[in-house]
Amino acid sequence: MSYLKRVIYNCKQATFLIEKKSMGKISFREAIELRIHLYGCSFCRIYKKQSRVINEMVQELFRSSMQRNAKLDDGFKKELQDRIEEELNKN
Amino acid sequence: MDHQLHPHKWVTAHADYLYNFAITRINDDELAKDLVQETFLAALQKVEGFAGKSSERTWLTAILKNKIIDTYRKKSSGLRTSDIREAEDEQSDFFNADDGHWINNCPKEFGIEDKDALVSKEFERIMQRCLQKLPALWMSVFTMKHIDEEPTETICTELRVTQANFWVIIHRAKLNLRACLQKNWI
């Protein structure tokens, strides 16, 4: 298989480069190969968009669950503070 | 102004915050509670080292963060080469072994690609379920990178994985997450 054909067929490598590029650096050569691949591959073009959306959604999900404010129950809190006081009194 | 510590008020002031921080990252209620407790106890031992440069909450959160990384490490006990090989092998679910072309779970449009946000609650629920299916180590790499936005080098050092393995995990985690979404959404 020719070099160019290998680049055009290799979706595994292309999706790998999409991930790497989205949060790191890829080489100039890799960037060119990715561009060539994406030009001809509609699957990986969809993958690229979805990958970005997924990153944003995961971040959003974590942010909103941080705001949801799960509360510890009072019994557990009291025990916890007692434990701390106990340690403080040791000194 | 230098910050000061008030251990007598720690639980009232920070326990819920720390608990939330832990639960979103490890998804295990009992373990999250344990970690909050361990954080306070460890903090008491370090009181004298507190320089007042950061706020009390930031300082406590940093201690908790280290505790969480410890549990990630314990859960995965480092990343064995066999795990990586397994991950590589499993990739044949997705790609042709010879030329790397998609053979399974070929990406299809979800219908959310071009819109900004405003994703339905149902989609979020599916996402949450799919996230929970990821192996612990992948999940920790993923959250440290995407949520805490730690530099790759830091994550690799703390979780004791090589950079090459780091990218394999990131790729693998995303492929699985995406395939899971597609399976359950379309």
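In what follows, the accompanying structure is described.

Parameters and conventions
Residues numbered from 1 in each chain as written. Chains lettered and ligands numbered in written order. Predicted model: local features only at pLDDT ≥ 70, side-chain atom pairs only at ≥ 80, totals over all residues. Heavy atoms only, no water. Contact = heavy atoms within 4.5 Å. Buried area = accessible area lost by both parts, 1.4 Å probe. Salt bridge = Lys/Arg side-chain N within 4 Å of Asp/Glu carboxyl O. Polar contact = N/O pair within 3.5 Å; in protein donor to acceptor, adjacent residues only side chain to side chain. Helix = DSSP H or I, 4+ residues; strand = E, 2+ residues; numbered from the N terminus. Nonpolar A, V, L, I, M, F, W, Y, C, P; charged D, E, K, R; others polar. Core = buried A, V, L, I, M, F, W, Y, C linked by side-chain atoms within 4.5 Å. Buried < 20%, exposed > 50% of the residue type's maximum accessible area, 1.4 Å probe, protein only. Domains from an automatic or database assignment. Phe/Tyr/Trp six-rings, centres within 6.5 Å; stacked < 30°, edge-to-face > 60°. Lys NZ or Arg CZ within 6 Å of the ring centre and 35° of its normal.

### Some words on the interface of chain B and chain A
Often, the extent of an interface is quoted as the loss of accessible area on bringing the components together.
Argument step 1. With 58 residues of chain B in contact, the opposing surface of chain A contributes 43 residues.
Argument step 2. Among the residues chain B hides against chain A, the three largest losses belong to B:V11, B:W167 and B:K174. Together they make up 13% of the total.
Argument step 3. If you look at where chain B meets chain A, you find 3 salt bridges.
Argument step 4. For the interface between chain B and chain A, the tally reads 16 residue pairs in polar contact (both at pLDDT 80 or more).
Argument step 5. Those elements that place two or more of their residues in the side of chain B that touches chain A are α1 (10-26), α2 (29-46), α5 (121-132), α6 (136-146) and α8 (163-185) of chain B.
Argument step 6. In terms of residues, the side of chain B that touches chain A owes the most to one element, α1(B), which gives 10 residues.
Argument step 7. In the side of chain B that touches chain A, the residues fall into 30 nonpolar, 13 polar and 15 charged.

### Examining the nonpolar core
Argument step 1. Core analysis: the largest hydrophobic core is formed by 62 residues, its most contacted members being B:W10, B:F40, B:M127 and B:L131.
Argument step 2. Looking at which domains feed residues into this core, each of domain 1 (7-76) and domain 2 (81-185) of chain B gives three or more.
Argument step 3. Ignoring any residue separated from it by four or fewer positions in sequence, one finds B:L131 in contact with A:V58, A:L61, B:M139, B:F142 and B:L177.
Argument step 4. Ranked by size, the runner-up nonpolar core spans 15 residues in total, among them A:I18, A:I26, A:L38 and B:F95.

### What to know about the packing of aromatic side chains
Argument step 1. Evaluation of the coordinates by the stated rule reveals 9 aromatic pairs over all chains.
Argument step 2. Cluster of aromatic residues (ring-pair linked, three or more members): A:Y47, B:F94, B:F95 and B:W102.
Argument step 3. Over the aromatic face of A:F76 sits the side chain of B:K33, whose NZ or CZ is 5.4 Å from the ring centroid.
Argument step 4. The ring of B:Y17 has B:R57 sitting right over it, with the charged end atom 4.2 Å from the ring centre.

### Describing the pattern of salt bridges
Once the charged atoms of two side chains with opposite charge are near each other, the side chains can pair.
Argument step 1. What the rule picks out here adds up to 10 salt bridges over all chains.
Argument step 2. Across the pair B:K65 and B:E150 runs a salt bridge, and its minimum N-O distance is 3.5 Å. On the criterion of sequence distance, the pair formed by B:K65 in helix α3 (residues 56-76) and B:E150 in the loop between α6 and α7 (152-159) is long-range, its members being 85 residues apart.
Argument step 3. One salt-bridge network, held together by shared partners, links A:D73, B:D29 and B:K33.

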